[in-house]
Each structure stands twice: as C-alpha cells, then as structure tokens.
Amino acid sequence: MIQPAKISEISDILIMTNACRLFMESNNIFQWTIEYPSENHFINDIERNELYTLKNNDLIIGCIVISTFMDAEYKTVQWLTPNENNIYIHRLAVHPSFQGLGCAQQLMAFGEEYAVNNRFTSIRLDTFSQNKRNQKFYEMRGYQKLDDIYFPEQSQHPFHCYELVL
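Description of the structure in this document. Remember, it's a predicted structure, so these values are computed and weren't measured experimentally. (Residues numbered from 1 in each chain as written. Predicted model: local features only at pLDDT ≥ 70, side-chain atom pairs only at ≥ 80, totals over all residues. Heavy atoms only, no water.)

What follows deals with the packing of helix α1 (residues 10-26) against helix α2 (residues 39-47). It is the contact of α1 with α2, at a shortest axis distance of 10 Å, that shows an interaxial angle of 125°. Between α1 and α2, the angle is such that the two are oblique. α1 and α2 meet at a crossing whose hand is right-handed. Touching Ile10, Ile13, Leu14 and Thr17 of α1 are Glu39, Phe42, Ile43 and Ile46, all from α2. Here the residues of the contact of α1 with α2 are counted per class, giving six nonpolar, one polar and one charged. (Axes fitted to C-alpha atoms, helices over the stretch in contact; angles between N-to-C directions. Helix = DSSP H or I, 4+ residues; strand = E, 2+ residues; numbered from the N terminus. Parallel < 35°, antiparallel > 145°, perpendicular 65-115°, else oblique. Left-handed = near helix turned anticlockwise from the far one by under 90°. Contact = heavy atoms within 4.5 Å. Nonpolar A, V, L, I, M, F, W, Y, C, P; charged D, E, K, R; others polar.)

Take a look at the structure:
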C-alpha cells in the first residue's frame, strides 16, 4: 500500500534508504552518500506533503517523492515542456530485499497517475549516470533522456535528466 509518509516513520525510511545506498555501493554505484538522502530531506518532503511510502504489512519497503518544486540545478536543462506545470520525482527507493518484484514500477505508476489526475504537463527526474539499471527503467517507461546536471556533493559523475510528457 502506498500512502503519505509520517514524521514518525523517518527512522524507518532512513534505514531503508541506507540499505539501498549500501546495496548500490556493493555494485560500484556511488549515487547516494551518508549525507544524502538525509533526515532533513525527508522532513522537508513530509512537511510539503510530497513523500509517500510503500509498505509490505507494516514494513516500509519503498518511497517516492512527488514534488512541484524545481531544484536550482534543473534550471539550465532544456526541458521538453515549459517550466510551469510539472512534477519532479526524487528519492525513489526500494529496499534491496524487495527489488525485482515490481515495487519500483508500482511507485512510478503511482507518481504517474498522480500527475495525470492533477493535470500536470510532464514528469521530470534525474538519475545517476553510473546507474545503468535506473536509466533502462525510466527509458522503458517512456522517459526521454535530456541534459546532464551535477551534484558535486554526491559525485563527480553527472546525473542524467529525464522527462515524460503527459
């Protein structure tokens, strides 16, 4: 079940995202750090009503941020649509024990349905250039790869921006 996250769930969300970080690192993907994503990121997401969790029974096994806020790094990107009615997907994560079971597909379908139901023009996101699995995941869902951006505090490698026009 996907539902809005609660402040009381932040420690469980951080445990889940840290497991994701460690799993990526074990596959030589240094996309997340011990500083990102942080408790403050998730507090902000919850305060803006943008963080959703996927649960298996009462266990948080995934999360997604569906935001209307455009990060400063995105302003230089040549997007396919005007910068006025878009949503941004961030911090999509599925606990490694539940990967490969369609959980990420379920979270993305939730985000895409949210965008359609609220009449957004497009969905935008970025993914790490060294994470080929994520790139294939978004491309198979119809997202178009656009420009690169950088988050130097996370990696020297670029992040690819993607957009799905609705």
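With that settled, the discussion passes to the sheet that holds strand β5 (residues 122-128). On the basis of which strands lie adjacent, the open sheet formed by seven strands has the order β1-β2-β3-β4-β5-β7-β6 and mixed pairing. The open sheet has two edge strands, β1 (2-4) and β6 (144-149), and neither has a second partner. Between one strand axis and the next, the sheet turns by 30° as a mean value, whatever way the strands run. Sheet analysis places β5 next to strand β7 (residues 159-165), joined by seven bridges and oriented antiparallel. Note on β7: the bridge partner recorded for phenylalanine 128 is phenylalanine 159. Against the sheet, α1 makes contact with β2 (51-56), β3 (59-67) and β4 (86-94), and its axis sits at roughly 90° relative to β3, the strand it touches most. Across the sheet, helix α4 (residues 132-140) touches β4, β5, β6 and β7, and the angle it forms with β5 is around 165°. (Pairing = 2+ DSSP bridges.)

A separate point is the layout of surface pockets. For the largest pocket, the calculated volume is near 1000 Å³. Together, 45 residues line the largest pocket, and Gln31, Trp32, Arg91, Leu92 and Asn134 are the ones closest to its centre. Going through the elements one at a time, α1, α2, β4, α3 (103-117), β5 and α4 are the ones with two or more residues in the lining of the largest pocket. Here the lining of the largest pocket takes six residues from β4, the largest share from any one element. Class assignment of the residues belonging to the lining of the largest pocket gives a composition of 21 nonpolar, 15 polar and nine charged. (1 Å grid on protein atoms, 1.4 Å probe; cavity = no way out; pocket = protein on both sides within 12 Å on 5 of 7 lines; lining within 4 Å. Points joined across faces, edges and corners; volume = space filled by probe spheres on them.)

Purely geometric stuff here, so don't read any function into it on its own.
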